Every structure is written in structure tokens, then in C-alpha cells.
Amino acid sequence: MDSKRRVGLVLIIIAIVILALSYNAYITSYHKTISTSNFTFLFSGIFWDLVGIIIGAVLIAIGLILTYPKGARWLANRNR
């Protein structure tokens, strides 16, 4: 396994961890909102969840391109 594939796999793993942490932040803020009726917590959780989704999606895309370039090219051109 060459270094590009290793870096790609590491980026995909980091993206999955970021997605899990952003979901955890959302769920925690949701429970704080339920217990306190303060919607500031909920909006903060939604914000961090969206940030995590965007960063995770970018890292997964970069990791996919580095790990499996033929598959990424096929995925990009599948509707043409």
C-alpha cells in the first residue's frame, strides 16, 4: 500500500470521527434544550452538526480520491 492510499484512509477515518463528534454535539445540545427549554443550545448544536457534516464530506471526498482514484472518477462520470 503506497503513501497516497494510507493518507486517504486516514482522512476517511478522521472524517468519520468528525461526523460522530458533530452528531454527539447535536444530541447533547438537544437534550440540554429539552431539559432547560433554552433554544440557544439547539441552534448551537445544529450549527456544529452542519459544520461537521461539511468538513466530513470534504475529507471523505479527498480520501476517496486519494485511496481509490478509479472509483472516484467513475463516481464523478456515472451520469454522462
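This text follows the structure it describes.
So, how was this worked out
Residues numbered from 1 in each chain as written. Predicted model: local features only at pLDDT ≥ 70, side-chain atom pairs only at ≥ 80, totals over all residues. Heavy atoms only, no water. Phe/Tyr/Trp six-rings, centres within 6.5 Å; stacked < 30°, edge-to-face > 60°. Helix = DSSP H or I, 4+ residues; strand = E, 2+ residues; numbered from the N terminus. Expected span 1.5 Å × (residues − 1). Contact = heavy atoms within 4.5 Å. Buried < 20%, exposed > 50% of the residue type's maximum accessible area, 1.4 Å probe, protein only. Axes fitted to C-alpha atoms, helices over the stretch in contact; angles between N-to-C directions. Parallel < 35°, antiparallel > 145°, perpendicular 65-115°, else oblique. Nonpolar A, V, L, I, M, F, W, Y, C, P; charged D, E, K, R; others polar. Patch = residues over 30% accessible without salt bridge, like charges linked within 9 Å, V, L, I, M, F, W, Y side chains within 5 Å. Areas by Shrake-Rupley, 256 points an atom, 1.4 Å probe, with all protein chains shown as cover. Salt bridge = Lys/Arg side-chain N within 4 Å of Asp/Glu carboxyl O.

*Asks:* Any chance you could explain the packing of aromatic side chains here in plain terms?
*Replies:* Each aromatic ring pair is described using two quantities: the centre-to-centre distance and the angle formed by the ring planes. This model, assessed by the stated rule, comprises two aromatic pairs. Each ring, one from F47 and one from W48, has its centre 5.0 Å from the other, and the planes form 70°; the classification is edge-to-face.

*Asks:* Help me understand helix α1 (residues 3–36), please; the structure alone is not making it clear to me.
*Replies:* The end-to-end C-alpha distance of α1, which contains 34 residues, comes to 49 Å, matching closely the 50 Å that a straight helix rising 1.5 Å per residue would cover. Buried residues along α1 sit against α2 (39–67).

*Asks:* Would you explain the environment of I54 in this entry?
*Replies:* Within the fold, I54 resides in helix α2. C-alpha separation for the pair I54 and I18, spaced 36 residues apart in sequence, amounts to 10.0 Å.

*Asks:* I'm lost on the side chain of S29 in this one. Help?
*Replies:* Of note, S29 is situated in helix α1. Residues within four places of S29 in sequence aside, it is in contact with F41, L42 and G45.

*Asks:* I'm lost on α2 in this one. Help?
*Replies:* Helical periodicity: at 3.6 residues per turn, an α-helix aligns residues three or four positions apart in one direction. Along its 29 residues, α2 runs 41 Å from first to last C-alpha, staying within 8% of the 42 Å computed at 1.5 Å per residue. Within α2, the full set of buried residues consists of L42, G45, D49, G52, G56, L59, G63 and T67. Of the surrounding elements, those touching the buried residues of α2 are α1 and α3 (69–76).

*Asks:* Can you walk me through the packing of α1 against α2 in this structure?
*Replies:* Axis angle and axis distance: for two packed helices, these are the angle between their axes and the distance between the axes, and together they describe the pair. Contact geometry of α1 with α2 gives a least axis separation of 8 Å together with a crossing angle of 170°. Between α1 and α2, the angle is such that the two are roughly antiparallel. Its residues assigned to classes, the contact of α1 with α2 comprises 24 nonpolar, 10 polar and four charged.

*Asks:* Can you help me understand a nonpolar patch on the surface in this one?
*Replies:* Side chains of F39, F43, I46, L50 and I53 sit close together on the surface and give an oily, nonpolar patch of about 500 Å² of accessible area. For I46, the location among the structural elements is in helix α2.

*Asks:* Can you walk me through the environment of N79 in this structure?
*Replies:* Secondary-structure assignment places N79 in the segment after α3. Overall, the relative accessible area of 71% leaves N79 in the exposed class. For N79 and I46, which are 33 residues apart along the polypeptide, the C-alpha to C-alpha distance reads 33 Å.

*Asks:* Quick question: what am I supposed to make of the environment of G71 here?
*Replies:* Examined against the element boundaries, G71 turns out to sit in helix α3. Looking at G71, the relative accessible area reads 13%, which means it is buried. Taking the C-alpha atoms as reference points, G71 and L42, separated by 29 residues in sequence, lie 38 Å from one another.

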